[in-house]
Amino acid sequence: ERLFRDLLGDGSQLGMQISYQVQYVQRGIADAFIIGEKFIGEDSVCLILGDNIFCGDGLNECLAKAQEQQSGATVFGYYVEDPRPFGVVEFDGEGKVISIEEKPAEPKSHWCCPPFYFYTKADSKRIGEALNDGCGYDAPGSFIAWLCQKAPVYAMEMPGSRYDVGNLESYTKIKNEYRGITKCL
């Protein structure tokens, strides 16, 4: 926590407000909503898993558009040739999500869904219902997959690149490749 506070402060220098709460036991996205409930309050919320880096032109505009969405959660997709190692989003011609599957053997699309989600205030308050329905605490995409069966969820193409830096090898590779670049989140 101290490292993030030292780096990001209260967010005012970035034009945002950042609040901190420590998750002492790793229990995934569902637990993040439970711990963060008092911070979320009646607001919409953006949830990003911390072992990802997003870079590229057009990213700020894309995120601003997602933030403006008034009804339904928003997920992002980027096209890959082999989506099997990723969460995969299937959506219709209007961008409405049909399904999200984590690392499927037979993907329904070539659109990967990174762990970067915008939830409306109504969506984030449904975590208890999701857990009662058997939604897993720890699976990154389990809540959003559950939600797309219960409420509108929309997909947007994410510009730029996404890097998973969840292990030392991938972190070191990306750190060396992007040393000095500042257009990354």
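Scroll up to find the structure.
Structural notes, computed from the coordinates. None of the values given here were measured: they were computed from a predicted structure. (Residues numbered from 1 in each chain as written. Predicted model: local features only at pLDDT ≥ 70, side-chain atom pairs only at ≥ 80, totals over all residues. Heavy atoms only, no water.)

**As for the nonpolar core**
Here is the rule we go by: In this description, a nonpolar core means a group of buried Ala, Val, Leu, Ile, Met, Phe, Trp, Tyr and Cys residues linked to one another through side-chain atoms lying within 4.5 Å. Note on classification: 1.4 Å probe, protein chains only; a residue is buried when its accessible area is under 20% of the maximum for its type, exposed when over 50%, partly exposed between these limits. Think of it this way: any DSSP run of H or I at least four residues long counts as a helix, any run of E at least two long counts as a strand, and we number them from the N terminus. Whether two residues touch is decided by their heavy atoms; if any such pair falls within 4.5 Å, the residues are in contact.
Counting 27 residues, the largest nonpolar core has Phe33, Val75, Tyr119 and Ile144 as the members making the most contacts within it. For this core, the element with the most residues is helix α7 (residues 142–147), which contributes five residues. Not counting residues within four places of it along the chain, the set of residues in contact with Tyr119 comprises Phe33, Ser44, Val45, Leu47, Ala73, Ser124, Phe143, Ile144 and Leu147. Counting 10 residues, the second largest nonpolar core, distinct from the first, contains Phe54, Leu59, Cys62 and Leu63.

**Comments concerning the pairing of strand β1 (residues 45–48)**
Here is the key point about a regular strand: its side chains alternate between the two faces of the sheet. For the record, the criterion: For two strands to be treated as a pair, DSSP must find no fewer than two bridges joining them.
Here β1 shows one buried face, formed by Val45 and Leu47, and one open face, formed by Cys46 and Ile48. Inspection of the sheet shows β1 paired to strand β7 (residues 116–119) by four bridges, in the antiparallel sense. Looking at the pairing, Cys46 lines up with Phe118 of β7.

**Focus on the environment of Ala66**
In this structure, Ala66 sits in helix α4 (residues 59–68). When residues no more than four places from it in sequence are discounted, the contact partners of Ala66 are Thr74, Phe76, Phe118 and Met156.

**Quick word on the packing of aromatic side chains**
Cut-off, in case you're wondering: Stacked, edge-to-face and tilted labels apply to pairs of Phe, Tyr and Trp rings (six-membered ring for Trp) whose centres lie within 6.5 Å, assigned for plane angles under 30 degrees, over 60, and everything in between, in that order.
For the structure shown, the criterion picks out 12 aromatic pairs. Geometrically, the ring pair formed by Phe54 and Phe116 is edge-to-face, given 4.8 Å between the ring centres and 80 degrees between the ring planes. Remark: Phe116 occurs in strand β7 and Phe54 occurs in strand β2 (residues 52–55); sequence separation between them is 62 residues. With a relative accessible area of 1%, Phe54 lands in the buried category. Since its relative accessible area comes to 1%, Phe116 is described here as buried. In textbook terms, an aromatic cluster arises when at least three aromatic residues are bridged by ring pairs, as seen for Phe33, Tyr117, Tyr119, Phe143 and Trp146.

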